[in-house]
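Below, each chain spelled out in residue letters.
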Amino acid sequence: MSITLAPPPVTRTPVTPARRRWRSTPYLLLIPATVAVFATLLYPVGRMIALSFQRGNLGDLVTRRTVWVGLDNYRSVLTDPVFWTVLPRTAGFASVCVILTLTVATGAALLLQHASRWARVLLSAGMVIAWATPVLIGAVVFKWLFDAEFGVVNWLLTESGLCDCRHRSWLGDQWSAFAVLVSIVVWGAVPFAALSVYAGLLTVPPELGEAARVDGAGGFRIFWRITFPLLRPIYAILTVLSVIWDTKVFPQVWLTTKGGPYQGTVMLGVYIYQKGIVGSQFGVASTIAVLMTVLLLGLSWIYIRAMRQEAR
Amino acid sequence: MTRRALVNGACVVLAVLFVFPVYWMASTALKPDADIVSYPPGLLPWPIEFGHFARVLGDGAFWAALRASLTVTVTVVTAGTLVALMAAVALARFTFRGRTGFVLGLIIVQMIPGEALFIPFYLMLREVRLLGQLAGLMLVYLSITVPFTAWMLRGFVASIPVDLEEAAAMDGASRWQTFWRVLFPLVAPGLLATSIFSFITAWTEFTYAYVLINDPRNYPLPVYIQSFIGRDDVDYGPQMAVAFLFTLPVVVFFLLVQRRAVAGMSAGAVKG
């Protein structure tokens, strides 16, 4: 689920003498927001960092003991072979999702640009419906679509003669479970990306393409050489946002495979859940969470820079 | 076939691919059980049966979950919007020490991945005995929605010319009157936009709800929906009916704000 709105440009407010009497007002107005944000967000972050240096098992929690273990958690996470399968798996999964999302979205945006009015309305309405569908609903519906016995996907594949898939269990095999997860993510992510790219395409002056066409350039070359460079800021933002979103896929995984079969679809978020909430190893789980935060904040930094570049 | 016809055809195919899962959800919800587990599956739900909806609507747990979700959502939207508006007015209408720092803080906290924070939230709520309680979930949702809505509303407030307020003040209006009569009506569209954002976040969030609400009596709808998964018999009919009832308000809101949301697409983006 995503929704985006642009705030109007900010204008400077001059300070008039009359306003000086209200010295304490801004601070009073900010108290609730400060409490909401800093007490309930910054404190947990501090807590997470502290926990990553503590043993933090169930016993410690019950007896309210704090056992500092230094870098032990980091050492054990970074030498844990499971972590080194989960991390590249998460990165690989996110990359596949991002590439597919951007490719399909670009195709859809170009279709929107060249279609007749009715087809454009139809496709954008369809995409808005998919976009509006909450992530969790997308996951439960896809689980049903890919059901082994009565799923419509198996029926369609069998009927169209592509395979004899009558009892195929998609979630029972690691790679096909991945395919299902990728399709859930891409289905949910393309609409936002496609509509963003389409909005960008509308700002490209058509004369540029026409001039290139007169010079003998084909559609692909025109897109690659003229349109894409102009839309680069949009693509930069979409890439980073998609990487961040596709790394955080707890609901999609948990509602379909629960990380199975045989832990084959465990991603970082699920791993933290399994270690922490299920396994009560809160110290280790926090360490993984810290590593994930550092990773995503690094990516967000690229996002902020891309935003600034676009604003220029 | 002309090029245009090919393009239009591709649009139709893509539109079908996007809508089909949602259609299949509605269609399954409207089929009798025997048709759901039949082979081949019927593409049209015919004869239409409202049995699953009746079953869901007759289930006390559904109403409890709906009440829980509404309580959380309404509280988060109202409290969050109020808190964010106060902060926005402070940030847009006053110059004071620490203003830039606060705005920067708002932007930075939005970047912290929620998926990494459920351990500390879990432990914190456990310590103050709010684990499994809706109040705890509300606090967590406020911390997610307030930074974004405050930052967005600040833009809306700042875009309203300050002269309007000064003119009202000159005419003898009190600060309160200025706010309610002049600023508030002008900032209303911004309030609508931000409250829709809060609504969608609080209504559809799954991860925190699942981790923090472990008491079935307090399940909000997202957790109630997942409780259908893992039962031995195929329970897709009622599950799709709940999914449909859950999705409907979001789609309606989305269609209402879609134009505005798409227009400002790349300027700021948040996904919950």
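Residue positions are counted from 1 within each chain, in the order its sequence is given. Key to labels: chains lettered from A, ligands numbered from 1, both in the order written. Per-residue local features are limited, in this predicted model, to residues with pLDDT of at least 70; the limit for side-chain atom pairs, both in listing and counting, is 80 or more; totals at the level of whole chains, interfaces and linings are taken over all residues. Remark: hydrogens and water are excluded; side-chain values derive from all non-hydrogen atoms of the structure.

1. Some words on the overall build of chain A
Now for step 1: Each helix corresponds to a stretch of at least 4 residues labelled H or I by DSSP, and each strand to a stretch of at least 2 residues labelled E; elements are numbered beginning at the N terminus. Along the backbone of chain A there are 14 helices and one strand.
Now for step 2: Atoms counted for the radius of gyration: C-alpha only. Globule rule: 2.2 Å times residue count to the power 0.38. Expected size for 312 residues packed as a compact globule is a radius of gyration near 20 Å; at 24 Å, chain A overshoots this value by more than 25%.
Now for step 3: By its C-alpha atoms, chain A is 75 × 75 × 30 Å across when sized along the principal axes.
Now for step 4: Considering only intrachain contacts with a sequence separation of at least 6, the fraction spanning at least 24 residues in chain A is 65%.
Now for step 5: Entry remark: accessible area of chain A is about 14400 Å², with carbon and sulfur atoms responsible for 66%.
Now for step 6: Here the positive residues are Lys and Arg and the negative ones are Asp and Glu; neither His nor the chain ends is included. The atoms used to mark charge sites are NZ of Lys, CZ of Arg, CG of Asp and CD of Glu. Looking at chain A, you have 26 positive and 13 negative side-chain charges, and the mean spots of the two groups are 17 Å apart. For this analysis, residues touch if any pair of their heavy atoms sits within 4.5 Å. Areas reported as accessible are Shrake-Rupley estimates using a 1.4 Å probe. Residue values count occlusion only from the protein chains shown.

2. A short note on the packing of aromatic side chains
Now for step 1: Think of it this way: a Phe, Tyr or Trp ring, Trp meaning its six-membered ring, pairs with another when their centres are within 6.5 Å, and the plane angle makes it stacked under 30 degrees, edge-to-face over 60, tilted otherwise. The full count for this structure, using the stated rule, is 42 aromatic pairs over all chains.
Now for step 2: Taking 5.3 Å as the distance between ring centres and 35 degrees as the angle between the ring planes, the aromatic pair formed by F53(A) and Y74(A) counts as tilted. Within this pair, whereas F53(A) is found in the loop between α1 (25–51) and α2 (58–62), its partner Y74(A) is found in helix α3 (residues 72–78), the two being separated by 21 residues in sequence.
Now for step 3: Accessibility expressed as a relative area gives 27% for F53(A), which makes it partly exposed.
Now for step 4: Ring geometry for F223(A) versus F228(A): centroids 6.4 Å apart, planes at 50 degrees, classification tilted.
Now for step 5: Exposure categories follow from relative accessible area, calculated using a 1.4 Å probe and restricted to protein chains: below 20% of the type maximum is buried, above 50% is exposed, and the middle band is partly exposed. Residue F223(A) is classed as buried on the basis of its relative accessible area, which comes to 11%.
Now for step 6: What links up through ring pairs into an aromatic cluster is the set F250(A), W254(A), Y273(A), F118(B), F206(B) and Y210(B).
Now for step 7: By definition here, charges over rings are those cases where NZ of Lys or CZ of Arg is within 6 Å of the ring centre and within 35 degrees of the ring normal. Of note, R168(A) hangs over the ring of W170(A), and the distance from its end group to the ring centre comes to 4.5 Å.

3. As for the UniProt feature "domain: ABC transmembrane type-1" (unreviewed entry) in chain A
Now for step 1: UniProt positions are given in the numbering used here, feature names are shortened, and annotations may be inferred rather than shown by experiment. When the UniProt feature table is mapped onto this chain numbering, "domain: ABC transmembrane type-1" (unreviewed entry) sits at residues 87–303 of chain A.
Now for step 2: Secondary structure across residues 87–303 of chain A comprises 77% helix and 0% strand; the distance between its end C-alpha atoms is 21 Å.

4. Structural notes on the domain arrangement of chain B
Many structure descriptions define interface size as the accessible area lost when the parts assemble.
Residue and element names in this part refer to chain B.
Now for step 1: Segment limits for the domains were obtained from an automatic or database-derived domain assignment. Assigned domains of chain B: these are domain 1 (1–49) and domain 2 (59–268).
Now for step 2: Between domain 1 and domain 2, the C-alpha centre-to-centre distance is 33 Å.
Now for step 3: In this complex, domain 1 contributes five residues to the contact, which on the side of domain 2 involves seven residues.
Now for step 4: Here the quantity called buried area is the total loss of accessible area, with a 1.4 Å probe, experienced by two parts when brought into contact, counted for both. The junction of domain 1 with domain 2 conceals about 550 Å² of combined surface from both sides, 87% of it contributed by carbon and sulfur atoms.
Now for step 5: The term salt bridge refers to a pairing of a side-chain nitrogen on Lys or Arg with a carboxyl oxygen on Asp or Glu at a separation within 4 Å. The interface formed by domain 1 and domain 2 holds zero salt bridges in total.
Now for step 6: Considering each element in turn, the side of domain 1 that touches domain 2 owes the most residues, four residues, to helix α1 (residues 3–29).
Now for step 7: When residues are grouped by polarity, Ala, Val, Leu, Ile, Met, Phe, Trp, Tyr, Cys and Pro land in nonpolar, Asp, Glu, Lys and Arg in charged, and all others, Gly among them, in polar. Among the residues forming the side of domain 1 that touches domain 2, the class breakdown is four nonpolar, one polar and no charged.

5. Quick notes on the UniProt feature "transmembrane region" (unreviewed entry) in chain A
Residues and elements named next belong to chain A.
Now for step 1: In the numbering used here, UniProt assigns the feature "transmembrane region" (unreviewed entry) to residues 27–45, 91–112, 121–146, 177–201, 222–245 and 282–304.
Now for step 2: In residues 177–201, helix accounts for 100% and strand for 0%; the two terminal C-alpha atoms are 35 Å from one another.
Now for step 3: Helix makes up 96% of residues 222–245 and strand 0%, with an end-to-end C-alpha separation of 31 Å.

6. Section: helix α4 (residues 60–93) of chain B
Now for step 1: Between its first and last C-alpha, α4(B) extends 49 Å over 34 residues, near the 50 Å set by a 1.5 Å rise per residue.
Now for step 2: Its side-chain oxygen placed 3.0 Å from the backbone nitrogen of A61(B), D59(B) serves as the N-cap of α4(B). Here the expected span of a helix is defined as 1.5 Å times the quantity of residues minus one. As used in this structure description, the phrase polar contact means that two N or O atoms lie within 3.5 Å; if the pair is within protein, one of them must be able to donate a hydrogen and the other to accept it, and residues adjacent in sequence are counted only when both atoms belong to side chains.

7. Some thoughts on the side chain of E115(B)
Now for step 1: Inspection of the secondary structure puts E115(B) in the loop between α5 (99–109) and α6 (118–127).
Now for step 2: With no salt bridge to any partner, buried E115(B) finds its closest opposite charge in K248(A), at an N-O distance of 5.6 Å.
Now for step 3: Within the structure, E115(B) has its side chain in polar contact with the backbone nitrogen of F250(A) (distance 2.7 Å).
Now for step 4: If sequence neighbours within four positions are ignored, E115(B) has contacts with K248(A), V249(A), F250(A), P251(A), G269(A), I272(A), M292(A) and T207(B).

8. Here's the deal with the UniProt feature "transmembrane region" (unreviewed entry) in chain B
Now for step 1: This chain's UniProt record puts "transmembrane region" (unreviewed entry) on residues 7–26, 68–91, 103–124, 130–153, 182–203 and 236–257 of chain B.
Now for step 2: Helix makes up 83% of residues 130–153 of chain B and strand 0%, with an end-to-end C-alpha separation of 30 Å.

9. Looking at the nonpolar core
Now for step 1: What is meant by a nonpolar core is a set of buried Ala, Val, Leu, Ile, Met, Phe, Trp, Tyr and Cys residues, joined one to another through side-chain atoms within 4.5 Å. Counting 194 residues, the largest nonpolar core has F93(A), L123(A), I119(B), Y141(B), Y208(B), L212(B) and L221(B) as the members making the most contacts within it.
Now for step 2: No other element matches the 17 residues that helix α8 (residues 174–201) of chain A contributes to this core.
Now for step 3: Three or more residues apiece are contributed to this core by two domains, here domain 1 (1–49) and domain 2 (59–268) of chain B.
Now for step 4: Setting aside chain neighbours within four positions, we find Y141(B) in contact with V72(B), V76(B), A202(B), E205(B), Y208(B) and A209(B).

10. Quick look at the side chain of N8(B)
Now for step 1: Tracing the chain through its elements places N8(B) in helix α1.
Now for step 2: Residue N8(B) is classed as buried on the basis of its relative accessible area, which comes to 7%.
Now for step 3: Excluding residues that lie within four positions of it along the chain, N8(B) makes contacts with A115(A), S116(A), W118(A) and A119(A).

11. Focus: the interface of chain B and chain A
Now for step 1: Across the boundary between the two partners, chain B contributes 107 residues, which contact 112 residues of chain A.
Now for step 2: Summed over both partners, the interface of chain B with chain A comes to about 10400 Å²; 77% of that surface belongs to carbon and sulfur atoms.
Now for step 3: Remark: the boundary between chain B and chain A carries one salt bridge.
Now for step 4: Linking E127(B) and R47(A) is a salt bridge whose minimum nitrogen-to-oxygen distance equals 2.9 Å.
Now for step 5: Summed over the shared surface of chain B and chain A, the result is nine residue pairs in polar contact (both at pLDDT 80 or more).
Now for step 6: For the side of chain B that touches chain A, the leading source of residues is α1(B), giving 18 residues.
Now for step 7: In terms of residue class, the side of chain B that touches chain A is made up of 76 nonpolar, 18 polar and 13 charged.

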